[in-house]
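Structural features, examined
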Amino acid sequence: MIRERNAPAAPAVSQKQTVAAVEVPSLFLIVFAYGAWLAVTSMYGRWPLWLVAPLAAVIVTLHSSLQHEFIHGHPTRSPWVNRLLGIVPLSLWLPFDRYRETHLAHHINEHLTDPHDDPETYYWSAEDWARLTPPGRVAVRIQQTLLGRMVLGSFWRILHFLRGEYRAVLRNDARVRASWAEHVLWCIPVLLWVKLACGMPIWIYVVAIVIPSNGIQLIRSFAEHRGRATVRERTAIVEDSWILGPLFLFNNLHALHHEEPHIPWYAYNERYRARRSELVAANGGLVYTTYFEVARRYLLRAHDVPQHPVGCGAPSLITVDRVVYRNVAKPPA
């Protein structure tokens, strides 16, 4: 646990007290994100790929962070406006509505990390683990390290999600076909821009931009939850992250996010300073100074065991299909 800086605990606040009718900083940021994406991708063929690809990957990561904001009711009080602002799929592979459904299920805090009920968990139940092939178990264990999660996990996460979605479409699960039909339509202008306007092969966009962006996002989600018996001890905090923190819209202060998910990104730091002592005491000191500390501890060493360390209960009535949703982000969390 890092040094303790005493701060008075503050009571939780209601959504009405913190959410403005229109959050102007978020609107400016979404305009910047789309504008920057258009500008940087248009430089393909003029700038070297080693410059275009990392810049575009960072922008796609920022866009994913904004989608996470929109899922939680920002930047307006209108769900359809928020959805419209975030639905353009710059990452191509994750439909906004499917991300929203699974991420809101993840926010049922009493189910955090449970392999049956948390669609964003990286833990496995005994039954699922027994069904894994030996190569599958090796792949899962590799992803218990930060390097493995960023490299192998970038492909694993997308391929397993798409495989599960394919099965859901075949089963005609509720709203899945409609969600994917709309998602494909929104992909068309993205692909036309990348291919026709920028002259970039689609495979280069996927391999050099989308996959690396996914890897960056996995840095955030890698250590933000741990299997523990007490609910509030399952969510970590990464403090003093002034490189990746802004890119993740301060979702690195993850314990605060799970307690007050309605707070807009630009209010996180002030709110965290007010509640720090309470949050650190509640999560059992599961605090990292920066993502550099996470890397120092877990770059090549396992963060935890693949099977849930304290066990898990039977699936609840709201269980999400584990075949469909295992290792879905956010995300993207």
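Below or above, wherever it landed, is the structure these notes cover. No experiment lies behind these values; they were computed from the predicted model shown.

At their nearest, the axes of helix 3 (residues 49-71) and helix 4 (residues 79-86) sit 9 Å apart, and the two run at 170° to each other. Overall, the two elements helix 3 and helix 4 adopt an arrangement that is roughly antiparallel. Contact residues: H63, Q67 and F70 in helix 3; N82, L85 and G86 in helix 4. Taken together, the residues of the contact of helix 3 with helix 4 sort by class into 2 nonpolar, 4 polar and no charged.

Our focus in this paragraph is the environment of G227. Relative to the helices and strands, G227 is located in the loop between helix 10 (202-222) and strand 1 (237-238). The buried category is assigned to G227, whose relative accessible area is 1%. Placed 114 residues apart in sequence, G227 and T113 show a C-alpha to C-alpha distance of 5.8 Å. Setting aside anything within four residues of it in sequence, one finds G227 in contact with T113, Y123, D304, H308, P309 and V310.

With that settled, the discussion passes to unusual backbone geometry. Negative phi values dominate among residues other than glycine, just as trans dominates among peptide bonds. With an omega dihedral of 0°, the bond running from H74 to P75 counts as a cis peptide bond. The residue P75 is located in the loop between helix 3 and helix 4 in this model. Despite not being glycine, L92 has its phi angle at roughly 75°, a positive value. For L92, the location among the structural elements is in the loop between helix 4 and helix 5 (96-106).

The nonpolar side chains of a soluble globular protein tend to be buried, and buried together. With 66 residues, the main nonpolar core has W37, L66, Y205, I237 and Y288 as its most contacted residues. For this core, the leading source of residues is helix 3, giving 9 residues. Sequence-distant contacts of I237, that is, excluding residues within four places in its chain, are made with N252, L253, H254, A255, Y272, L279, V280, N283, L286, V287 and Y288. Core analysis: the next-biggest nonpolar cluster, separate from the first, contains 6 residues, W129, L132, A139 and W156 among them.

Now for helix 13 (residues 268-282). Between its terminal C-alpha atoms helix 13 stretches only 18 Å, short of the 21 Å expected from 15 residues at 1.5 Å a residue. Of all the bends in helix 13, the largest measures some 70° and sits at R275. Considered for burial, the residues of helix 13 that qualify are Y268, N269, R271, Y272, R275, R276, S277, L279, V280 and A282. Tucked inside the fold, the buried residues of helix 13 contact strand 1, helix 12 (254-259) and strand 2 (287-288). Following helix 13 by one or two positions, G284 adopts a phi angle in the positive range, close to 70°.

Scoring rules and cut-offs
- Residues numbered from 1 in each chain as written.
- Predicted model: local features only at pLDDT ≥ 70, side-chain atom pairs only at ≥ 80, totals over all residues.
- Heavy atoms only, no water.
- Axes fitted to C-alpha atoms, helices over the stretch in contact; angles between N-to-C directions.
- Helix = DSSP H or I, 4+ residues; strand = E, 2+ residues; numbered from the N terminus.
- Parallel < 35°, antiparallel > 145°, perpendicular 65-115°, else oblique.
- Contact = heavy atoms within 4.5 Å.
- Nonpolar A, V, L, I, M, F, W, Y, C, P; charged D, E, K, R; others polar.
- Buried < 20%, exposed > 50% of the residue type's maximum accessible area, 1.4 Å probe, protein only.
- Core = buried A, V, L, I, M, F, W, Y, C linked by side-chain atoms within 4.5 Å.
- Expected span 1.5 Å × (residues − 1).
- Bend = angle between axes of the 7 residues up to and from the residue.

Keep in mind these values describe shape, not function.
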